[in-house]
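The primary structure of each chain is shown beneath.
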Amino acid sequence: MNASDRLKGTTVTAQVVTHTHFDDPDKALVKRAAEGDLIAFRQLYDRHHRRVYGLVMRLAGNLDTANDLTQEVFIQVWKYLANFRGDSKFSTWLHTVATRVAISELRQQSRRSNHLQFVGDDQHEIEQGLTHEDSADLAELDRLIQRLPPQTRWAFVLHCIEGMRHEDVASELGIAVGTSKAQVHRARTLLEEWLSHDSI
Amino acid sequence: MTVSKSSSSKLDELISDVADKHAEITPNKDLWRGIEASISRSQVKVPIGRNRWLGWLSATAATVLVMTGVMLSAMHQNNTPIPNHQGIDLLTMLTEQHQQQRQVLLTSFNNAGYQQSVNELENELQQLRDAATKITAQLRLEPDNAELWQFLQWIHQQELDLLRTMYQQPRTMQRA
């Protein structure tokens, strides 16, 4: 829970950790991978792919899409690893890359499939979210997140689970800060309602 | 809509649980193979010092155009055209081969969803193409000029390198 949210006492948000001085445990592998060492890159993948997969799966709300996105993230990281200057931990940079690759691709998918979601269209959202048979393997919250409309889900995941500030969420999603807050509020309202129904 | 306080508390617990204990999820299949295949297929080279590279390409294209003009002007004054059908056939083949390479490159970028991102290099690209056109025309007149052959091949390679540079460096990679 970050400081401002703790004061308000209304929203649980994962803690954001900033690093001023740090020893990056990935530094040596990153250096080798940036020089074209695929074995070193494979080791970076082994260390981080589950974290990336967790992030993109929650953003996508779909396991198949999450598979594709995870692969795309690491392909892009391989291509542009030389651009990583080491100003932050590799894992932090990777998280940013993963978020942007995922949001960019999901936006394109949304435009292509014209899956526009409208406020109040909850039944459609629920039907869309429950179609994947593998969802039974997910944690309860992850199954519920799948039901959320895309932009609502993205704002909720980035703010409440990934611990990003609303300003950063708004920047990544290309929306106003107020819209980010409204989307998170809407997500919480829907999730609480669904939890309430499930507990009856 | 009435939502109980317990639902709100439960949601907070679930969020904490996911964020603290289940941030990582194991994919339901091996994803590395696809990544490795894609890397191998594209034979991606990691760009080093991209900004310097852009500047160098930009200067090179302008220099090439000037050099081409000077060289061809001198050749026009000093040489008499020598017909050589084998050389012209080779020139046709080289030009076609370059066009195919260029098309394969562009198609691979398009298929990968990349978009041209460095529009300011369009001018440099055009300069290289203009130079290649002029050299090709001169080679039709002087198919035995080895320097011109090397120069044309070098310009073709510069064009391919410039195209690779021009295609999108995604926004995702711009901030570390």
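In this report, the structure presented in the accompanying data block is examined.

Scoring rules and cut-offs
Residues numbered from 1 in each chain as written. Chains lettered and ligands numbered in written order. Predicted model: local features only at pLDDT ≥ 70, side-chain atom pairs only at ≥ 80, totals over all residues. Heavy atoms only, no water. Helix = DSSP H or I, 4+ residues; strand = E, 2+ residues; numbered from the N terminus. Buried < 20%, exposed > 50% of the residue type's maximum accessible area, 1.4 Å probe, protein only. Areas by Shrake-Rupley, 256 points an atom, 1.4 Å probe, with all protein chains shown as cover. Core = buried A, V, L, I, M, F, W, Y, C linked by side-chain atoms within 4.5 Å. Contact = heavy atoms within 4.5 Å. Buried area = accessible area lost by both parts, 1.4 Å probe. Salt bridge = Lys/Arg side-chain N within 4 Å of Asp/Glu carboxyl O. Nonpolar A, V, L, I, M, F, W, Y, C, P; charged D, E, K, R; others polar. Axes fitted to C-alpha atoms, helices over the stretch in contact; angles between N-to-C directions. Parallel < 35°, antiparallel > 145°, perpendicular 65-115°, else oblique. Left-handed = near helix turned anticlockwise from the far one by under 90°.

### A word on the overall build of chain B
- Within chain B one finds six helices and zero strands.
- Listing every helix and strand of chain B by position from the N terminus yields α-α-α-α-α-α.
- Looking at chain B as a whole, 40% of its 176 residues qualify as buried.
- Here chain B has roughly 10,600 Å² of accessible surface; of this, 50% comes from carbon and sulfur atoms.

### What about the nonpolar core?
- By size, the foremost hydrophobic cluster in this structure holds 66 residues, and its most contacted members are A:Phe41, A:Leu59, A:Val77, A:Phe90, A:Leu141 and A:Phe156.
- If sequence neighbours within four positions are ignored, A:Phe156 has contacts with A:Ile145, A:Leu148, A:Ile161, A:Val184, A:Ala187, A:Arg188, A:Leu191 and B:Ile15.
- Of all hydrophobic cores here, the second largest spans 22 residues; its members include B:Leu105, B:Phe109, B:Leu125 and B:Leu163.

### Details of the interface of chain B and chain A
- Chain B puts 39 residues into the contact, and the matching count from chain A is 51 residues.
- Carbon and sulfur atoms supply 64% of the area that chain B and chain A bury against each other, a total of about 4,700 Å² over both sides.
- The interface formed by chain B and chain A includes three salt bridges.
- The closest approach of N and O atoms between A:Glu140 and B:Lys10, which form a salt bridge, is 3.4 Å.
- Among the elements that make up the side of chain B that touches chain A, the one with the highest residue count is helix α1 (residues 5–21) of chain B (ten residues).
- Of the residues belonging to the side of chain B that touches chain A, the class tally is 21 nonpolar, eleven polar and seven charged.

### Re the packing of helix α2 (residues 27–34) of chain A against helix α3 (residues 38–60) of chain A
Residues and elements named next belong to chain A.
- One way to put it is that α2 packs onto α3 with a least axis distance of 8 Å and a crossing angle of 135 degrees. Relative to α3, the element α2 lies oblique. Taken as a pair, α2 and α3 cross one another with a handedness that is left-handed. Between α2 and α3, the residues in contact are Leu-29, Val-30, Arg-32 and Ala-33 and Ala-40, Phe-41, Gln-43, Leu-44 and Arg-47, respectively.
- Residues belonging to the contact of α2 with α3 are distributed by class as follows: six nonpolar, one polar and two charged.

### A few points about the pattern of salt bridges
- In this structure the tally under the stated criterion is 17 salt bridges over all chains.
- Here A:Lys31 ties to A:Glu35 by a salt bridge, and the two come within 3.1 Å at their closest N and O atoms.
- When the shortest N-O distance is used, the salt bridge between A:Asp46 and A:Arg42 registers 3.1 Å. With A:Asp46 and A:Arg42 both in helix α3 and four residues apart, the pair spans about one turn of that helix.
- Given a relative accessible area of 32%, A:Arg42 falls into the partly exposed group.
- Each of A:Arg188, A:Glu192 and B:Asp12 takes part in one network of salt bridges that share partners.

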